[in-house]
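Next come the chains, spelled out residue by residue.
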Amino acid sequence: MKRPRVARGPKSLVLFDNKGGVGKTTLTFNLAHMFARLGRRVALMDLDPQCNLSALALPDHVLESIWDDGKPGQTVASCVEKVRIGKGELAQPVGYELADDLYLLPGDLRLSRFESRLARDWPQIMAEDNELALHAVTAFDRLAVSFGAELLLFDVGPSLGALNRAVLLASDAVVVPLAPDLFSLRGLQNVGEVLHEWREEWETARVKNLQSASRRREPPPWLPQRGMQPLGYVVQQQLTIADEPVRAYQRWLKQIPASFAEDVLQRSDPAPGSVQDDLHCLGFLRHFASLVPLAQAAHKPLFELAHADGVVGSQYQTVARATKAFEQLAEAILVKLDALGVVTAKQ
Ligand SMILES: Nc1ncnc2c1ncn2[C@@H]1O[C@H](COP(=O)(O)OP(=O)(O)OP(=O)(O)O)[C@@H](O)[C@H]1O
Ligand SMILES: [Mg+2]
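## Some details on the nonpolar core
- Judged by nonpolar contacts, the single largest core of 95 residues is most densely connected at Val42, Leu152, Val167 and Val175.
- Setting aside residues no more than four positions away along its own chain, Val175 makes contact with Leu13, Leu15, Leu231, Gly232, Val234, Leu282 and Ile333.

Here you go:
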């Protein structure tokens, strides 16, 4: 399965949705493992103060010892602490090795304290003497670059607040996990609006700051130009019968291509009538039922579960299905990600 490593520029990806509990963290964790199996050097950053990704990836005692230890660099919050208080630089991130070519920078409840700083600083990015504000809002981008991975995956909560805005600023690509239901489709409108708004606001600030640095004949500050490009959506957690989504979902499934095109891509040309024909549909993930708690207990991806983790009988078939589904999904995402333009980390 493992392929030879090919040198590529660093890319960052976030699974983003305005609906809670749609499966972002589970998908991020499993995809990261699959990307590493496919030969990429991957880093996960837990940017949700709920820390679900860290709890999924690490046994309680390991996570607690990282938190108790409190050495700078071991969690996202500790990396940005000096930036948060306006008194210094980022601490160098210390990744926890989860598997070959897969590292995690764990989360921390204290990351929520950074959010008020980010909210306060955002209007300042257009002002004069905005060095500290720019330093704060670009902290995640600088952190991601100093991590040194080829592919960065950020896990975020479902909010549209200042913390997630700063994460999106550091993201080249966005994948939207969707459940085929009313709430997910409504959430799409919000996702589309904020992506548009954040992109525009940041681009205006970026150009203004580049111009003032050039006027002052100073080197420009760190001004990432990442793009937050929507790569597509993943249809999540469907109940299936004979590998077909159950009928109750059909009504919502049919609406997804048009909603994604209008709300997220802001395109008005006609969208395909079904998700199967939609180029923006990156894949489908079924409901993996009892495999999910087994994977949580083993801190493993679904497709690595074995007898020792409690897999029995027909669950082996579900493990095989999960392997195929994640492999296809990871390949589909990588094709689109690799096609994105070269990242310019610093202007
Ligand atoms: N494919 C799946 N099959 C079955 N259960 C799943 C699947 N994906 C996620 N779940 C379960 O759904 C619940 C929510 O998943 P998860 O925490 O990944 O969602 P989330 O979008 O990250 O939530 P939040 O918005 O709170 O960050 C969890 O209990 C998880 O175990
Ligand atoms: Mg989550």
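## Describing the site of ligand 1
- Surrounding ligand 1, one finds 16 residues, the nearest of these being Gly20, Gly23, Lys24, Thr25 and Thr26.
- In terms of residue count, the dominant contributor to the shell around ligand 1 is helix H1 (residues 24–37) (three residues).
- A per-class count over the shell around ligand 1 returns five nonpolar, nine polar and two charged.

## Let's talk about the packing of H1 against helix H12 (residues 315–339)
- The interhelical angle for the contact between H1 and H12, taken along N-to-C directions, is 75 degrees, at an axis separation of 9 Å. Relative to H12, the element H1 lies roughly perpendicular. In this structure, H1 uses Asn30, Leu31, Met34 and Phe35 to contact H12, whose residues at the interface are Phe326, Glu327, Leu329 and Ala330.

## A closer look at helix H11 (residues 291–298)
- Considered for burial, the residues of H11 that qualify are Leu291, Leu294 and Ala295. Projected down its long axis, H11 shows its buried positions confined to an angular sector of 100 degrees, all on one face. Relative to its buried face, H11 has exposed residues pointing more than 90 degrees away, namely Pro293 and Ala297.
- On its buried side, H11 packs onto H12.

## Re the pairing of strand E6 (residues 173–178)
- In terms of burial, E6 is largely enclosed, as six of its six residues are buried.
- Residues Ala173, Val175 and Pro177 line one face of E6 and the alternating positions Val174, Val176 and Leu178 line the opposite face, and both faces are buried.
- Pairing of strand E1 (residues 11–15) with E6 involves three bridges; the strand directions are parallel. For Val14, the partnering residue across the bridge sits in E6 and is Val174.

## Some thoughts on the environment of Leu47
- Considering the arrangement of structural elements, one finds Leu47 in the loop between strand E2 (42–46) and helix H2 (52–57).
- Separated by 60 residues in sequence, Leu47 and Gly107 place their C-alpha atoms 6.1 Å apart.

About the cut-offs
Residues numbered from 1 in each chain as written. Chains lettered and ligands numbered in written order. Predicted model: local features only at pLDDT ≥ 70, side-chain atom pairs only at ≥ 80, totals over all residues. Core = buried A, V, L, I, M, F, W, Y, C linked by C-beta atoms within 7 Å. Buried ≥ 20, exposed ≤ 12 C-beta atoms within 10 Å, placed from the backbone. Contact = placed C-beta atoms within 7 Å. Near = placed C-beta within 6 Å. Helix = DSSP H or I, 4+ residues; strand = E, 2+ residues; numbered from the N terminus. Nonpolar A, V, L, I, M, F, W, Y, C, P; charged D, E, K, R; others polar. Axes fitted to C-alpha atoms, helices over the stretch in contact; angles between N-to-C directions. Parallel < 35°, antiparallel > 145°, perpendicular 65-115°, else oblique. Arc of directions from axis to C-beta. Pairing = 2+ DSSP bridges.

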